[in-house]
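Analysis of the macromolecular model
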Amino acid sequence: MKMKMRNTILVLMALVVVFVLSSCSKSVEKARPAPSWVKDAAIYEVNIRQYTPEGTFNAFSEHLPRLQEMGVKILWIMPIHPIGDTNRKGSLGSYYSIKDYYAINPEFGTFDDFRSLVNEAHKLGMYVIIDWVANHSAFDCSLAKEHPEWYKHAPDGSFISPYDWTDVIAFDYSNPQLRKYMTETMKWWLKETSIDGFRCDVAGLIPVDFWENTRKALDSIKPVFMLAEADTSALMFNAFNAGYNWRLLDKMVQLRQGKINAYQLLSFIEDYPNDYPQGSFKMNFTSNHDINSWTGTEQELFGDAALTMAVITATVPGMPLIYSGQEEPAAKRLKFFDKDTIHFAQYSNHDFYRSLFELKKRNSALWHGEDHDRIIPVQSSDSTHAMVFLRQHKNNKVLIVLNLSDRPLTLSIPDKKAEGKYNEIFLNVMVNISPSEPLELEPWGFRVFEKL
């Protein structure tokens, strides 16, 4: 009798453990939600200095209708503040050496010019975020004289420059007055210019609790979109909506170099949404201002696979980014500290990006920050050289077929979950996907199908 009771108790205990573990596995901590307009957006990084010969807000404004027509929804404008003179690099200095947090760089125009740019973007249904440099300032920022205690100091009392950034000095976020100043300044820009959020430079170097408290303060004014230059999950619960997908860029470069194959890239993409809390997401890119200036252009990194990699950034979970000039495409590394105007002529990639971005807007299968932020791997006849996957939400389905090799492929797709009639978005033709109808793909070819 005692043995039977003991066995019964053990069985009950085991069931309790299974129930608890099952409950825990279904319990997902959610992130602070992004504004509703973010979920289907593509983001465009604006380098005002290099965008036009004038290098001004007003000259850039003339491009707004073109960018809106291309499907861009969010404009991220690189730092707009005056640049420090002390220890300046190059003839114009780094955008990220901030001299005055309450002013506009006079090279770009006036405060009213910037506010007009924001208003024009809003009229076109676009949103604007600005680059915010909270980790450091220029040596000749007024704060360094008025509040030297707000900065980090070496044992000899001198200011500290982070890394090899010899034109800037690092703030000390153990000081509560600095925290208050930085939060209030960000609130001021939100109120005075009607911007829609911030991209925060080297966000991971600043305490998470500062960002969380600042996010609450900003959201009390209006719901904001917050993008971190970081890939740290701790920042994504209550501070930021999105972070950088550096690892995806690294994997795509490795694939182009022949260090990994299509299956390995697919496995990485299938898994990476696990890194972030539900509701947050990553920003995917093949270039940005740092990559372009210091590492190489998209042609240098990817060659004839550049557009193939761009398709990946726009169709896997996350928000796609393109940098100023990629729609041309960008053919040179832009100088970082000097004037180096982008040469726009043909906008050869305009229709390519428009097709991708408009698909993302209209088809919820590609939306980000949702509980369906996943890819569904699809079986094909060549998983070493081809990457095939689905994105699906309710009745919406998008099938992506990529040849990740430098040779042509004839690919069959025997996977039943991919079967059906689709529209191929780049050619605008109807295609039937079935095991008996193989697909032909050129070297580094791509096909994107929307379920009919």
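Within each chain, residues carry numbers counting from 1 in the order of the written sequence. Local features in this predicted model are restricted to residues whose pLDDT is 70 or higher, and side-chain atom pairs enter the listing and the counts only when it is 80 or higher, whereas totals over whole chains, interfaces and linings include all residues. Excluded from the side-chain calculation are hydrogens and water; included are all heavy atoms of the structure.

1. With respect to the overall build of the protein
How we decide: Numbering of helices and strands runs from the N terminus, with a helix taken as a DSSP run of H or I at least four residues long and a strand as a DSSP run of E at least two residues long. Computation of the radius of gyration draws on C-alpha atoms, with the globule rule given as 2.2 Å multiplied by the number of residues to the power 0.38. A contact between two residues is defined here by any heavy atoms of the two lying within 4.5 Å. Computed by Shrake-Rupley with a 1.4 Å probe, the accessible areas treat only the displayed protein chains as cover when residues are assessed.
A tally of regular secondary structure across the protein gives 14 helices and 18 strands. For 452 residues, the compact-globule estimate of 2.2 N^0.38 gives 22 Å, and the C-alpha radius of gyration of the protein, at 24 Å, lies within 12% of that figure. Reported as C-alpha extents along the three principal axes, the dimensions of the protein are approximately 75 × 75 × 40 Å. Intrachain contacts of the protein at a sequence separation of at least 6 include 72% that bridge at least 24 residues. Carbon and sulfur atoms make up 53% of the accessible area of the protein, which totals about 19000 Å².

2. Quick look at the sheet that holds strand β11 (residues 376-377)
As a reminder of what qualifies: Following DSSP output, two strands are said to pair if at least two bridges run between them.
Taken together, the six strands give an open sheet; going across it, the order is β11-β12-β13-β18-β15-β16, and neighbouring strands pair in antiparallel fashion. Across the chains shown, the open sheet's two edge strands, defined by having one partner strand only, are β11 and β16 (429-433). Looking at chain direction, β11 and strand β12 (residues 386-393) are connected through two bridges and run antiparallel. If you follow I376 over to β12, its bridge partner there is L390.

3. Regarding the pairing of strand β13 (residues 396-403)
Counted only if it meets this: Type-normalised accessible area, obtained with a 1.4 Å probe on protein chains alone, sets the label of each residue: buried when under 20%, exposed when over 50%, and partly exposed for intermediate values.
Counting buried residues in β13 gives seven out of eight residues, a clear majority hidden from the surface. Direction of pairing for β12 relative to β13: antiparallel, over a ladder of eight bridges. The partner of F389 across the bridge, within β13, is I400. The hairpin formed by β12 and β13 contains two residues between the paired strands, and K394 there has a positive phi angle of roughly 55°. Here β13 pairs with strand β18 (residues 446-451) via five bridges, running antiparallel. Of the residues in β18, the one forming a bridge with L402 is F446.

4. Considerations on the packing of aromatic side chains
This is how it is decided: Pairing of aromatic rings covers Phe, Tyr and Trp, the last counted by its six-membered ring, and requires centre-to-centre distances within 6.5 Å; plane angles under 30 degrees mean stacked, over 60 mean edge-to-face, and any other angle means tilted.
The full count for this structure, using the stated rule, is 41 aromatic pairs. Centroid distance Y102 to W188: 5.1 Å. Interplanar angle 70°. Geometry classified as edge-to-face. Of this pair, Y102 sits in the loop between β2 (74-77) and α5 (111-123) while W188 sits in helix α7 (residues 176-193), and the two are 86 residues apart along the sequence. For Y102, a relative accessible area of 34% gives the class partly exposed.

5. Details of the nonpolar core
Our working rule: Grouping buried Ala, Val, Leu, Ile, Met, Phe, Trp, Tyr and Cys residues that are joined through side-chain atoms within 4.5 Å yields what is termed a nonpolar core.
One finds L75, F114, W211, F225 and I312 to be the most contacted residues of the largest nonpolar core, which totals 125 residues. Formed by 16 residues, the second largest nonpolar core is a distinct cluster that contains A386, L399, L411 and L439.

6. What about the layout of surface pockets?
Picture a little ball the size of a water molecule; that probe, rolled over the atoms, points out where space is still empty. The cut-off we apply is this: Cavity: a set of points on a 1 Å grid over the protein atoms alone where a 1.4 Å probe fits but cannot get out. Pocket: an open set with protein on both sides within 12 Å along at least five of seven lines, its lining residues, like those of a cavity, having an atom within 4 Å of a point. Grid points are joined across faces, edges and corners, and a volume is the space filled by probe spheres set on the points. In this classification, the charged set is Asp, Glu, Lys and Arg, the nonpolar set is Ala, Val, Leu, Ile, Met, Phe, Trp, Tyr, Cys and Pro, and all remaining amino acids, among them Gly, are polar.
By volume, the largest pocket amounts to about 400 Å³. Lining of the largest pocket is provided by 20 residues; of these, Y96, W165, D290, W294 and F336 occupy positions nearest its centre. At five residues, helix α11 (residues 289-295) tops the list of elements feeding residues into the lining of the largest pocket. Counted by class, the lining of the largest pocket contains nine nonpolar, five polar and six charged residues. Computed from the structure, the second largest pocket encloses a volume of approximately 260 Å³. Forming the walls of the second largest pocket are 19 residues, and the residues nearest its centre are P273, Y276, Q278, D373 and R374.

7. Examining the sheet that holds strand β3 (residues 127-132)
Here is the rule we go by: Interaxial angle, 0 to 180 degrees, is taken between N-to-C directions of lines fitted to C-alpha atoms, where a helix line uses only the stretch in contact.
On the basis of which strands lie adjacent, the closed barrel formed by eight strands has the order β1-β2-β3-β6-β7-β8-β9-β10 and parallel pairing. Each neighbouring strand pair of the sheet contributes to a mean axis angle of 25°, computed without reference to strand direction. Relative to strand β6 (residues 197-200), β3 runs parallel, the two sharing three bridges. For W132, the partnering residue across the bridge sits in β6 and is C200. Contacting β3, β6 and β7 (225-228), α7 crosses the sheet at an angle of about 155° to β3.

8. As for unusual backbone geometry
Excluding glycine, residues mostly carry a negative phi; peptide bonds, for their part, are mostly trans. The omega torsion across E328 and P329 is 5°, close enough to zero to call that bond cis. Assignment of secondary structure puts P329 in the loop between β10 (319-323) and α14 (350-362). Although it is not a glycine, K394 sits at a positive phi angle of roughly 55°. By the element assignment, K394 lies in the loop between β12 and β13. Residue classification places K394 among the exposed positions, given a relative accessible area of 69%. One non-glycine residue with positive phi stands out, namely N428, at about 55°. On the secondary structure map, N428 appears in the loop between β15 (420-424) and β16.

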